[in-house]
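# Structural characterization, general
One-letter residues, chain by chain:
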Amino acid sequence: MNLRFLTCLAALAAVLVTGCGERSQSYGRVDPDHDDVVGGTGTESGDVRAMCDQFCRTILEVEEVAGAAKAPRVALLSVDNRVNDVTQRIDADLLLTKMRAQLNQSARGRLRFLDRANVDAIRREKEAMDRGEVTRSSAKALSGADFFMTGEIRSLSKTSEAGQSTYLVYAFRLVDSQSSEIVWEDLYEQKRVAERGAVYR
Amino acid sequence: MSARRWSCLILAIALAGAGCGRREPPRALPLFHAGDYSAAFTEQKRRVQGEGPERDQPLELMRLGMCAFEAGDPDAAIFLRKAVDAFADFSRSTGETVAGSTFGSEASAYFRGHPYERMLVLAYYGLAEYAKPGRAAVFDAMAGFNHAIREDYAGEIREAYEKTPEGREQLAKDPDFFKCDSAFAHFMVGMCHLRVGESDLAKAAFADARKQAAKLTARGYPAVADEFFDAERLAACNLLVITALGRAPVKYRVGQYGEFCRIRPGDTVVEARARVSAGGVTLDPPVPLEDVFHQASTRGGRAMDAINRGKAVFKAGTGEAAVGLTYVGLAVMSSRDRDTQAAGAVIAGVGLLAGALSALSKPDADVRCLELLPATLQVLPARLPPGRQDVVIEFIDRSGAVIPGQTVVLRDLEVPAEGNRLVYVRSGPHRAPTPPPPIPPIPPVPPAQESLPGLTSDPQLQPKDTP
């Protein structure tokens, strides 16, 4: 066999072998405010940021917060994630955590959050202080919550052979822990669609 | 180039092409069907972690999720969720163009499964979440069952039916014809609502379940008493036994070139029903709420069937043309006139080309399927005296005899006074499963402030302008 033929054969084999299942990959940092190329009908990072910005802005305008003589104390309750589409189910705690962090930054002491997730550790530490096993700078009672922050996520999903659409409503509220009054509530809505190719219909 | 070199080249192309994406069948399948779910799970995990074509990834993840569920893995819900994410990922269209083209096989497309496969994977995800304690898990479970219901809705067939008088007649007879007919999914949605204290929504879901269960009765299953779906009775139940019987339906090809996908009931369906006894007392028989073959075979046509039919017509047409043209070409080539011989060679060449095109076209239907589903799901909600007791689940064949080697004995199963105990058992040769722990009742929300003793309330909190 001559050299040209062997070269052709090798080139052909290389093209065929490299064509098997290989995908081009690229990595990089992207702006979290913009939709990424991955797609889907789910909640994007941009939605989370826009939602939390909106909620934090409006919560600080509420009279019970803005006009309180002393910074109200807020405990987080779990969010009822009632999204009926398995692929759209966002980690609801992500929203609460982001709102808490953002409010702690921007409220400048006008709201105080209680760490109920670690209440057992706090109580153990307090008991150790009471027994004199560890030192304490000042005596404090475990704080009760003046308000609960909670929320609900609901969805309306449609599926047909052409694709799917999902309408999501995020509703968060601040509830007076004594009177059960809702002193603040805000909504964020989003709707996304994704098309399905003919082969998958 | 000599003929030998050309032969080498063609052989190299054929070998390289054949090597692309071919994979051995999963070793987990025989292990799973032999009842060794843990080994099947380990094997399937290894397979998913290994290199494989992207187009099969959702199917492999579905298998992994099913293996994890049957093995009682605590992360079964996570694996099933990954499978759902994979088949529902519309951003992936791997092989779709190829599959839709004349020379590509449907099986080269990214696997999304048939609606019954997607629906049941979602239902199993719901079950995996349902077994967990807590309010959040109930909403996860509810999402799984509701998503399953939506996945089983055949809106496009409804549109097609609305265009013909016969179709409209069918719709008038049964307006819910195209809605999800899974009594199991509706029933479990109701059970989820009950767990979070939403009795009205539970009643609505049980009403839907009863309607769909009646359709199963029309197919020869025993009639289900209305009391079975009574929300108050179900709310009082502290044991929920779900039995999965038989094997999944099987897809196969028919047509001259295997261009149509058809579905038949799974192999070795000998288990007709289950019998459950607790503390030596036989309980009411579990009620069939899901017939997977019925789910699989009542969907109607797919868009891909028409595409495959077109490919088959092309293959047949080019094949016949190839034979005719080659025959004519060879006949013409036998002439003594050189010009006529040349014309014959051209005709024969076109015939050979048509033959090559015919050989290359791939109208065969995609028969990849999730083999790990059961044939039916049967449900028994019961109220038992709280405490520890032996629960025995036997599988009965069509003649009424207990199938040897399939009986499961759950010794000292703790049945809670309040809350729920989910027991899921699959028929077949297997070791006794370990059911998840009892599911405690869910407290009302928001939790009382008094639940954290020692808390103080600030009297200075009241806003300045609030009366």
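Just so you know, these numbers come straight off a predicted model, no measurement behind them. (Residues numbered from 1 in each chain as written. Chains lettered and ligands numbered in written order. Predicted model: local features only at pLDDT ≥ 70, side-chain atom pairs only at ≥ 80, totals over all residues. Heavy atoms only, no water.)

## A word on the overall build of chain B
Looking only at helices and strands, one finds 16 helices and eleven strands in chain B. The buried share of chain B, taken over its 467 residues, is 49%. Within chain B, contacts between residues at least 6 apart in sequence are counted, and of these 72% link residues at least 24 apart. When the accessible surface of chain B is totalled, it reaches about 21600 Å², and 57% of it is carbon and sulfur. (Helix = DSSP H or I, 4+ residues; strand = E, 2+ residues; numbered from the N terminus. Buried < 20%, exposed > 50% of the residue type's maximum accessible area, 1.4 Å probe, protein only. Contact = heavy atoms within 4.5 Å. Areas by Shrake-Rupley, 256 points an atom, 1.4 Å probe, with all protein chains shown as cover.)

## Considerations on the packing of aromatic side chains
Residues and elements named next belong to chain B. Under the criterion given, the structure shown has 13 aromatic pairs over all chains. Seen from their ring centres, Phe41 and Phe79 are 5.4 Å apart, and the 75° between their planes marks the pair as edge-to-face. Of this pair, Phe41 sits in helix 3 (residues 37-49) while Phe79 sits in helix 5 (residues 76-87), and the two are 38 residues apart along the sequence. The burial state of Phe41 is the same as that of Phe79; both residues are buried. (Phe/Tyr/Trp six-rings, centres within 6.5 Å; stacked < 30°, edge-to-face > 60°.)

## With respect to unusual backbone geometry
Keep in mind that most residues, glycine aside, have a negative phi and that most peptide bonds are trans. Positioned with a positive phi, Arg108 of chain A is a non-glycine residue whose angle comes to about 50°. Structurally, Arg108 of chain A can be placed in the loop between helix 4 (92-106) and strand 3 (112-114). Overall, the relative accessible area of 75% leaves Arg108 of chain A in the exposed class. Residues other than glycine seldom take positive phi values, yet Asp412 of chain B does so here, at roughly 50°. Mapped onto the secondary structure, Asp412 of chain B falls in strand 9 (residues 408-415).

## Quick notes on the pattern of salt bridges
Counting across every chain of the model gives 25 salt bridges over all chains. Notably, a salt bridge pairs Arg154 of chain A with Glu152 of chain A, separated by 2.5 Å at the nearest N-O pair. The exposure class assigned to Glu152 of chain A is partly exposed, which follows from its relative accessible area of 21%. By sharing partners, the salt bridges in this structure join Arg47, Glu60, Arg63 and Glu371 of chain B into a single network. (Salt bridge = Lys/Arg side-chain N within 4 Å of Asp/Glu carboxyl O.)

## Thoughts on the nonpolar core
Tyr124, Leu127, Phe184, Phe187, Met188, Ile242 and Leu289 of chain B are the most contacted members of the largest nonpolar core, which has 86 residues in total. Take this core: its biggest share by element is eleven residues, from helix 7 (residues 115-130) of chain B. If sequence neighbours within four positions are ignored, Leu289 of chain B has contacts with Ser182, Ala183, Phe184, Phe187, Ala213, Leu216, Phe228, Phe229, Leu377, Gln378 and Val379 of chain B. Of all hydrophobic cores here, the second largest spans 31 residues; its members include Val62, Val65, Val79 and Leu103 of chain A. (Core = buried A, V, L, I, M, F, W, Y, C linked by side-chain atoms within 4.5 Å.)

## Quick look at the pairing of strand 7 (residues 376-382) of chain B
All names here are of chain B. The buried count for strand 7 comes to seven of seven residues, which makes it a mostly enclosed element. Alternating residues of strand 7 divide into Thr376, Gln378, Leu380 and Ala382 and Leu377, Val379 and Pro381, and every residue in both groups is buried. Across seven bridges, strand 1 (residues 239-245) lies against strand 7 in antiparallel orientation. Paired with Val241 across the two strands is Leu380, which belongs to strand 7. Pairing of strand 6 (residues 287-291) with strand 7, which is carried by four bridges, proceeds in the antiparallel orientation. For Val287, the partnering residue across the bridge sits in strand 7 and is Val379. (Pairing = 2+ DSSP bridges.)

## Topic: a nonpolar patch on the surface
All names here are of chain B. Together, Leu325, Val346 and Val350 give the surface a local cluster of nonpolar side chains, amounting to about 230 Å² of exposed area. Relative to the elements of secondary structure, Leu325 occurs in helix 15 (residues 303-333). Exposure remark for Leu325: the relative accessible area of 32% places this residue in the partly exposed category. (Patch = residues over 30% accessible without salt bridge, like charges linked within 9 Å, V, L, I, M, F, W, Y side chains within 5 Å.)

## Examining the sheet that holds strand 9 of chain B
All names here are of chain B. The strand order across the open sheet built from four strands is 5-4-8-9, with neighbouring strands paired in antiparallel fashion. The open sheet has two edge strands with one neighbour each: strand 5 (281-282) and strand 9. Of the pairings in the sheet, the one linking strand 4 (residues 271-278) to strand 5 comprises two bridges and is antiparallel in character. The partner of Ser277 across the bridge, within strand 5, is Thr282.

## As for the sheet that holds strand 1 of chain B
All names here are of chain B. Strand order in the open sheet made by the four strands is 6-7-1-10, with mixed pairing throughout. The strands lining the two open edges of the sheet, one partner per strand, are strand 6 and strand 10 (422-426). Each adjacent strand pair in this sheet contributes to an overall mean axis angle of 20°, direction not counted. Across the sheet, helix 11 (residues 183-195) touches strand 1, strand 6 and strand 7, and the angle it forms with strand 1 is around 160°. (Axes fitted to C-alpha atoms, helices over the stretch in contact; angles between N-to-C directions.)

## What to know about the confidence of the model for chain B
Residue and element names in this part refer to chain B. This prediction gives chain B a mean pLDDT of 82; 80% of its residues lie at or above 70. Within chain B, the element-level pLDDT minimum falls on helix 1 (residues 3-19), averaging 51, and the maximum on helix 11, averaging 96. Under a pLDDT of 50 for its full length, residues 14-21 has, in the predicted model, five contacts with residues more than four places off or in other chains. Note that pLDDT drops below 50 for residues 447-454; the model gives that stretch 14 contacts with residues more than four away or on any other chain. (pLDDT = per-residue confidence, 0-100.)

## Things to note about the packing of helix 4 (residues 57-70) of chain B against helix 5 of chain B
Residues and elements named next belong to chain B. Direction vectors running N to C along helix 4 and helix 5 enclose 160°, while the axes themselves pass 8 Å from each other. With respect to helix 5, the axis of helix 4 lies roughly antiparallel. By crossing handedness, the relation of helix 4 to helix 5 is classed as left-handed. Facing helix 4, whose interface residues are Pro58, Leu61, Met62, Leu64, Gly65, Met66, Ala68 and Phe69, helix 5 presents Ala76, Phe79, Leu80, Lys82, Ala83, Ala86 and Phe87. Across the contact of helix 4 with helix 5, the residue classes tally to 13 nonpolar, one polar and one charged. (Parallel < 35°, antiparallel > 145°, perpendicular 65-115°, else oblique. Left-handed = near helix turned anticlockwise from the far one by under 90°. Nonpolar A, V, L, I, M, F, W, Y, C, P; charged D, E, K, R; others polar.)

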